[in-house]
Amino acid sequence: MTAFDKNQVSRFRFVRCDFAADTGVARLVYAFDDGPEMTETVTVPGAPFQLDGERAAAVQRALQLLHLIAGVSYYKAAVPAQVSIDSYTVDAATAALVETVYLNGLGEFAYRNGLNLRGRFKLPVEGQPVAAQALGLREHALVAIGGGKDSLVSIEALRNAGVAETVTWIGGSQLIRACADRTGLPTLNIGRTLAPELFELNRQGAWNGHIPVTAVNSAIMVLAALVQGVDQVVFSNERSASYGSQIAGTGEVNHQWSKGWAFEQAFGEHVQQHVAADLHYYSLLRPLSELAVARQFAKTDYYDAHFSSCNRNFHILGERPVNRWCGVCPKCHFVFLALAPFMPKTRLVRIFGRNLLDDIEQAGGYDALLEFQDHKPFECVGEGKESRAAMATLAARADWKEDVLVKRFASLIQPTLANDELAIEPLLVIDGEHRIPAALWERLRANFAA
């Protein structure tokens, strides 16, 4: 392809999308101006070979929604001021949802690249929204698994509640596959292949950075649920995900915006109103804090040797840790700290291979988690108040208080904080907005609160 100059691009095109029911392959095609087409593929195993009537129409609506949301990976390469759709129309409700995803989901990307995207991405609107019908989907949950503690807590909670479920992941991670196999439940591995041209654009100096990957994965799993004929898509995003990093002079920037309540509410309502009325999209952990999820995970050691929340395991490109935990990234720092109040020290050190809180070299990383002279990292980690409460809890325990970072917290940071903001119990309360079906929530609530 010819050399790419992001500053010379004037238009981003949603060229076309199609889904072959006999192969389960969706093709999502994009282009800049009149340049070469970029084709992403998503493959749903176990396709029904034929789709008819209202279900076929719902699959088409879900496909177009996926096409629009997944386009964020490509649009960000040049962020042009013009956007066009070549092969179908978009109503105002769909446009409003997708524009919100691009603006907020690219918040960190815009901040890091010094860009102002407010009002920049606008879809052409034509026609009226479709009122979705119930499709008679069977009661069954596709549950997203990411290889970390959160999704495993959801999977076990659904199992205990008697909900039929299929453990589902996107991409080729062997670590996630091993975790999924460990559950002993039916599995579904959805394929996703990004257009190779995108990596070439990045090499040529395209804009690059964080995208709202949970929004993309949510749209993929809604399509998969309709293809499979099931009525639930379940994620494992806790209420802490709704809170971002507070940046001086900028305000809040949320690395995990598409894991937050605002996205879940908007996307879930849109799916029920305009895609399929009986398809329920929700996060099972929304009423829990990160610490409450950690407490729940610590109740069993069944997954200790299989799970990992270290994001270095899941990079598309670049090095991966030799073991499941690199021990130096914000996710490793936070998960170690969040689990520490709820499990024996020997067990936690065995999981990570070392004691992260007894290493002075990790002080800067933990300061960011504590929001001490730094802002919360751009990572999927808990709120600063959760880290402070967890550290204060450890500072009062004989088996932890002599560790170098716990001792440092007790002498340097804790005296600057009010005692009422260091209590861990209020952070373990199960509360807040959620989209969990009412009957299921009644079965789950007592188990989570125990």
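Predicted model only: the values in this text are computed from it and were never measured.

Another point: the overall build of the protein. Helix and strand counts for the protein stand at 16 helices and 11 strands. Since a compact globule built from 450 residues should have a radius of gyration of about 22 Å, the 22 Å found for the protein is in line with a globular shape. If one aligns the C-alpha atoms of the protein with their principal axes, the spans along those axes are about 65 × 50 × 40 Å. A total of 450 residues make up the protein; the buried ones form 56% of that total.

With that settled, consider the side chain of E290. As for its placement among the helices and strands, E290 is situated in helix α10 (residues 290–297). For E290, the side chain forms a polar contact with the side chain of K149, separated by 2.9 Å.

Let us look at the sheet that holds strand β2 (residues 25–32). The strand order across the open sheet formed by 9 strands is β4-β1-β2-β3-β7-β6-β5-β8-β11, and the pairing between neighbours is mixed. Two strands lie at the open edges of the sheet, namely β4 (82–85) and β11 (280–283), each paired on one side alone. Strand after strand, the sheet turns through a mean of 20° between neighbouring axes, direction not considered. Here β2 pairs with strand β3 (residues 38–43) via 6 bridges, running antiparallel. Across the sheet, Y30 pairs through a bridge with M38, a residue of β3.

This brings us to the nonpolar core. Counting residues in each nonpolar core, the largest one holds 80 residues, and the members touching the most others are F14, F32, I69, L123, L226, F267 and L279. Broken down by element, this core gets its largest block of residues, 11 residues, from helix α8 (residues 213–228). Counting residues in each nonpolar core, the second largest holds 75 residues, with L284, Y303, C310 and L444 among its members.

Enumeration according to the criterion identifies 23 aromatic pairs in this entry. With centroids separated by 5.1 Å and ring planes inclined at 80°, the aromatic side chains of F336 and F352 adopt a geometry described as edge-to-face. On the criterion of sequence distance, the pair formed by F336 in helix α11 (residues 330–339) and F352 in helix α12 (residues 345–352) is long-range, its members being 16 residues apart. Summarising the burial analysis for this pair, F336 and F352 share the class buried.

Within this structure, the stated rule accounts for 19 salt bridges. A salt bridge links R16 to E37, with the shortest nitrogen-to-oxygen separation between them at 2.9 Å. On the criterion of sequence distance, the pair formed by R16 in strand β1 (residues 11–20) and E37 in the loop between β2 and β3 is long-range, its members being 21 residues apart. Residue E37 is classed as partly exposed on the basis of its relative accessible area, which comes to 35%. A salt bridge links R203 to E200; the shortest N-O distance between them is 3.1 Å. One end of the pair, R203, and the other, E200, are both in helix α7 (residues 196–203), 3 residues apart, so they sit about a helical turn from each other. Overall, the relative accessible area of 62% leaves R203 in the exposed class. Members of the salt-bridge network, linked through shared partners, are K149, D150 and E290.

Moving on, we get to the environment of A389. Tracing the backbone shows A389 in helix α14 (residues 384–395). We classify A389 as buried; its relative accessible area is 0%. Spatially, the C-alpha atoms of A389 and I424 are 5.2 Å apart, while their sequence positions differ by 35 residues. Beyond its immediate sequence surroundings of up to four residues, A389 is in contact with L422, A423, I424 and L427.

With that settled, consider α10. For α10, a buried count of 8 out of 8 residues is recorded, marking the element as mostly surrounded by other parts of the structure. Turning to α10, its buried residues number three or more, namely E290, L291, A292, V293, A294, R295, Q296 and F297. Buried residues along α10 sit against α5 (149–160), α11, α12, α14 and α16 (438–449).

Let us look at the packing of helix α1 (residues 53–70) against helix α3 (residues 92–105). For the pair α1 and α3, the least separation of the axes is 10 Å and the interaxial angle reads 30°. By the angle between their axes, α1 is roughly parallel relative to α3. Crossing angle aside, the handedness with which α1 passes α3 is right-handed. In contact with L65, L68 and I69 of α1, α3 contributes T94, L97, V98, V101 and Y102. Grouping the constituent residues of the contact of α1 with α3 by class yields 7 nonpolar, 1 polar and no charged.

Attention now moves to the pairing of strand β6 (residues 165–170). Taking burial as the measure, the 6 residues of β6 include 5 buried ones, the bulk of the element. Note: strand β5 (residues 138–144) against β6, 4 bridges, orientation parallel. Counterpart to L142 in the pairing with β6 is T166. As for the winding sense of the linkage, the β-α-β connection from β5 through α5 to β6 is right-handed. Sheet analysis places β6 next to strand β7 (residues 187–193), joined by 4 bridges and oriented parallel. Counted as the bridge partner of W169 is N189 from β7. Since β6 and β7 lie parallel, the crossover through helix α6 (residues 174–183) that links them has a hand, and here it is right-handed.

So, how was this worked out
- Residues numbered from 1 in each chain as written.
- Predicted model: local features only at pLDDT ≥ 70, side-chain atom pairs only at ≥ 80, totals over all residues.
- Heavy atoms only, no water.
- Helix = DSSP H or I, 4+ residues; strand = E, 2+ residues; numbered from the N terminus.
- Rg over C-alpha atoms; globule rule 2.2 N^0.38 Å.
- Buried < 20%, exposed > 50% of the residue type's maximum accessible area, 1.4 Å probe, protein only.
- Polar contact = N/O pair within 3.5 Å; in protein donor to acceptor, adjacent residues only side chain to side chain.
- Pairing = 2+ DSSP bridges.
- Axes fitted to C-alpha atoms, helices over the stretch in contact; angles between N-to-C directions.
- Core = buried A, V, L, I, M, F, W, Y, C linked by side-chain atoms within 4.5 Å.
- Phe/Tyr/Trp six-rings, centres within 6.5 Å; stacked < 30°, edge-to-face > 60°.
- Salt bridge = Lys/Arg side-chain N within 4 Å of Asp/Glu carboxyl O.
- Contact = heavy atoms within 4.5 Å.
- Parallel < 35°, antiparallel > 145°, perpendicular 65-115°, else oblique.
- Left-handed = near helix turned anticlockwise from the far one by under 90°.
- Nonpolar A, V, L, I, M, F, W, Y, C, P; charged D, E, K, R; others polar.
- Right-handed = clockwise from strand over helix to strand, strands pointing away.

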